Amino acid sequence: MGPVKIGIVGAGGMASYHFEGFARAGAEVVAMADKDTGRAREFGEPRGIRRFYAGLGDMLSGSPEIDAVSVITPNKFHKPLVIEALEQGKHVYCEKPPALNAAETIAMQEAAERAGKILMFDLNNRARPEAKAIMYYIKNGKVGKINSAQATWIRRNGIPGFGGWFTNKAISGGGPLLDLPHMFDLALYFMGYPEPDYVLASVFNDFMGSRAFKGPWGIPDLKGGVTDVESACHAFITFKTGQCLMVRSSWAEMNEREVVSVTFQGQSSGGKIERLFDIDGLDGTSIDNCAVFTEENGCQVDYHIKVEKDEQMGRVTQAVNFVDAVTGKDAPLNTPAQAVIMMKLVDAMYESAAAAKPVKL
Ligand SMILES: NC(=O)c1ccc[n+]([C@@H]2O[C@H](COP(=O)([O-])OP(=O)(O)OC[C@H]3O[C@@H](n4cnc5c(N)ncnc54)[C@H](O)[C@@H]3O)[C@@H](O)[C@H]2O)c1
């Protein structure tokens with residue numbers, strides 16, 4: 001088998017990570033589609049991509065040799081593009097969040113099963129060296145059953161622009177809860193993706209009109225555009241296994257600084273992975289910590305785990321894992337069934353917040 005041939009849809013902010021990962025895994029990006037073909041050319045020509053299209057349909061008919069499609073568009077377009085690619089017999093790698101809600105994600109999962117093709121999502125934090133190190137301790141039994149965990153991605157001033165697709169619920173599906181699902185996905189992954197039982201959540205929309213809370217990343221503001229998503233979500237989830245998880249997610253909230261972390265308490269050991277930012281949203285200003293807390297010989301013992309710094313938070317290595325999953329070199333780091341559970345939880349958090357009461361799953 002020659003190199004895996006990939007077509008990318010969407011030449012925005014995330015495309016360079018996908019491209020770098022695919023190249024590192026030995027795959028070849030043969031074509032790129034974007035509504036804005038000029039943007040696709042600007043991205044692709046310096047990187048040696050030769051064919052450009054205005055949409056997925058044109059790309060699939062013009063470049064039928066494509067084995068796999070990478071979807072990097074605003075969230076609303078994930079489901080139709082993913083299903084179209086799967087129905088054309090392609091493997092698919094799709095940016096997070098999987099879709100706007102659980103119903104769409106289930107439709108994507110079913111399309112992948114019908115096609116017999118791999119469908120993976122860019123839940124890149126699972127591919128970080130810190131997450132791999134913690135999984136080593138979980139798999140070798142050092143941690144034991146995780147009773148409780150706390151998943152935090154809180155930004156102090158990280159609204160990704162005003163009026164563009166990120167802040168428009170019809171296109172994004174939601175605010176930071178849906179945009180920053182990485183830590184609660186990672187906590188669920190550490191906990192063994194247990195079956196949820198109850199969800200209780202609150203959302204807030206303070207600061208969504210204030211430029212003081214605009215982040216250093218995102219997309220340009222859209223004059224007259226819609227800003228109708230939450231700025232923060234706080235939730236508590238219980239599972240049928242007796243485990244529980246707290247979720248904190250914000251783009252704008254009165255925090256000391258941006259904090260990205262999972263902390264957990266197991267029956268044998270606890271632990272954390274943590275990224276602390278000096279400047280919100282700028283990975284280059286971050287400090288990473290990874291630790292396991294345990295008891296040995298009557299003493300309280302802390303392991304401070306040193307791993308290679310991955311400023312890109314696994315975005316490149318997750319794309320490598322997709323190609324390796326396609327070629328059978330490695331197991332996929334995430335599955336559609338897990339994405340469905342994650343999105344059922346997102347739906348339940350919004351439902352609980354709207355109803356101001358717990359939701360049973
Ligand atoms: N994993 C991460 O860390 C991470 C970080 C940021 C964004 N994302 C996700 O990546 C995705 C894209 O975000 P972005 O920041 O690159 O967005 P972006 O707005 O910078 O780029 C999106 C591109 O898609 C194109 N596009 C839109 N609809 C299209 C369609 N139907 N067909 C073809 N092209 C189309 C647009 O013209 C644009 O060039 C989103 O799902 C977002 O949630 C992931």
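Everything below is about the structure printed above this text.
Caption draft 1: Spatial organisation of the overall build of the protein. From N to C terminus, the protein includes eleven helices and 15 strands. The C-alpha radius of gyration of the protein comes to 20 Å, within 12% of the 21 Å expected for a compact globule of 361 residues. The dimensions of the protein, computed from C-alpha atoms along their principal axes, are 65 × 50 × 40 Å. Expressed as a percentage of its 361 residues, the buried residues of the protein come to 50%. Across the protein, the fraction of contacts at a sequence separation of at least 24, relative to all contacts at a separation of at least 6, is 73%.

Caption draft 2: Geometry of the packing of helix α5 (residues 102-115) against helix α11 (residues 336-355). At a minimum axis distance of 8 Å, the contact between α5 and α11 shows a crossing angle of 170 degrees. Looking at the two axes, α5 sits roughly antiparallel to α11. Residues Ala102, Thr105, Ile106, Met108, Gln109 and Ala112 of α5 pack against Pro336, Ala337, Ala339, Val340, Met343, Lys344 and Asp347 of α11. Looking at the contact of α5 with α11 residue by residue, the classes come out as nine nonpolar, two polar and two charged.

Caption draft 3: Seen up close, the environment of Ser249. By the element assignment, Ser249 lies in strand β10 (residues 244-250). Sequence separation between Ser249 and Trp153 is 96 residues, and the spatial gap between their C-alpha atoms is 4.9 Å. Setting aside chain neighbours within four positions, we find Ser249 in contact with Trp153, Ile154, Pro176, Leu177, Leu180, Ala232 and Cys233.

Caption draft 4: Highlighting the pairing of strand β12 (residues 270-277). Here seven bridges tie strand β11 (residues 259-266) to β12, and the two strands are oriented antiparallel to one another. If you follow Val262 over to β12, its bridge partner there is Ile273. Adjacent in sequence and paired antiparallel, β11 and β12 are bridged by three residues. The pairing of β12 with strand β13 (residues 286-296) spans eight bridges and is antiparallel. Residue pairing across strands places Ile273 opposite Cys290, the latter belonging to β13.

Caption draft 5: Highlighting the sheet that holds strand β1 (residues 5-9). Taking strand neighbours across the sheet as the criterion, the six strands line up as β3-β2-β1-β4-β5-β6 in an open arrangement whose pairing is parallel. Strands at the two margins of the open sheet, each flanked by one partner only, are β3 (51-53) and β6 (119-121). Each neighbouring strand pair of the sheet contributes to a mean axis angle of 20 degrees, computed without reference to strand direction. In terms of strand pairing, β1 meets strand β2 (residues 28-33) through five bridges, oriented parallel. By the bridge assignment for β2, Ile6 is matched with Val29.

Caption draft 6: Summary view of unusual backbone geometry. Backbone torsion omega between Lys96 and Pro97 reads -10 degrees, so that peptide bond is classified as cis. A positive phi angle, close to 55 degrees, is found at Met313, a residue other than glycine. Considering the arrangement of structural elements, one finds Met313 in the loop between β14 (299-304) and α10 (315-327). One non-glycine residue, Ala356, lies in the positive phi region at around 55 degrees. Tracing the sequence through the fold places Ala356 in the loop between α11 and β15 (359-360). With 9 C-beta atoms counted inside 10 Å, the residue Ala356 sits in the exposed group.

Caption draft 7: Focus on helix α6 (residues 129-139). Every buried residue of α6 is listed here: Glu130, Ala131, Ile134 and Ile138. An end-on view of α6 places all buried positions within 95 degrees of arc, on one side of the element. Structurally, α6 contributes buried residues whose contacts are with α9 (182-191), β12 and β13.

Caption draft 8: Examining the nonpolar core more closely. Of all hydrophobic cores here, the largest spans 96 residues; its most connected members are Val82, Val92, Ala187, Phe190 and Met349. The element best represented in this core is α11, accounting for nine residues. In this structure, this core is formed jointly by two domains, domain 1 (5-123 + 317-333) and domain 2 (126-311 + 341-360), each of which donates at least three residues. Non-local contacts of Ala187, meaning those with residues more than four positions away in its chain, are made with Ala149, Ala151, Leu245, Val262 and Phe264.

Caption draft 9: Summary view of the site of the ligand. Near the ligand you find 24 residues, and of these Gly10, Gly12, Gly13, Thr73 and Glu95 are the closest. Among the residues forming the shell around the ligand, the class breakdown is eight nonpolar, seven polar and nine charged.

Caption draft 10: Layout of the pairing of β14. With zero of six residues buried, β14 lies mostly on the surface of the structure. Taken together, the six bridges between β13 and β14 define a ladder with antiparallel strand orientation. Residue pairing in the sheet places Ala291 in a bridge with His304 of β14. In sequence, β13 turns back onto β14 through a hairpin of two residues, with Asn297 there showing a positive phi of about 50 degrees.

What counts, and at which threshold
- Along each chain, residue indices are assigned from 1 in the same order as the chain's sequence is written.
- With pLDDT at 70 or above as the cut-off, local features in this predicted model cover only qualifying residues; side-chain atom pairs require 80 or more to be listed or tallied, and sums for whole chains, interfaces and linings still use all residues.
- In DSSP terms, a helix is any run of H or I states spanning at least four residues, a strand is any run of E spanning at least two, and both are numbered starting from the N terminus.
- The globule rule used for comparison is 2.2 Å times the number of residues to the exponent 0.38, while the radius of gyration itself is calculated over C-alpha atoms.
- Here exposure depends only on C-beta density: within 10 Å of a residue's C-beta, 20 or more other C-beta atoms make it buried, 12 or fewer make it exposed, and intermediate numbers make it partly exposed, the C-beta atoms being placed from the backbone.
- What counts as a contact is two residues whose backbone-derived C-beta atoms lie within 7 Å of each other.
- The convention used is that axes are lines fitted to C-alpha atoms, helices contributing only their stretch in contact, and that angles between N-to-C directions extend from 0 to 180 degrees.
- With respect to orientation, any angle under 35 degrees is reported as roughly parallel, any angle over 145 as roughly antiparallel, any angle of 65 to 115 as roughly perpendicular, and every other angle as oblique.
- Polar here means any residue outside two lists: the nonpolar Ala, Val, Leu, Ile, Met, Phe, Trp, Tyr, Cys and Pro, and the charged Asp, Glu, Lys and Arg; Gly therefore counts as polar.
- DSSP-based pairing: two strands are paired if at least 2 bridges between them are found.
- To be clear, the arc concerns the directions from the helix axis to the C-beta atoms.
- Only buried residues count toward a nonpolar core: Ala, Val, Leu, Ile, Met, Phe, Trp, Tyr and Cys, linked into one set through C-beta atoms within 7 Å.
- Start and end points for every domain follow an automatic or database-based domain assignment.
- Should the C-beta atom of a residue, placed from the backbone, lie within 6 Å of a molecule or strand, that residue is near it.

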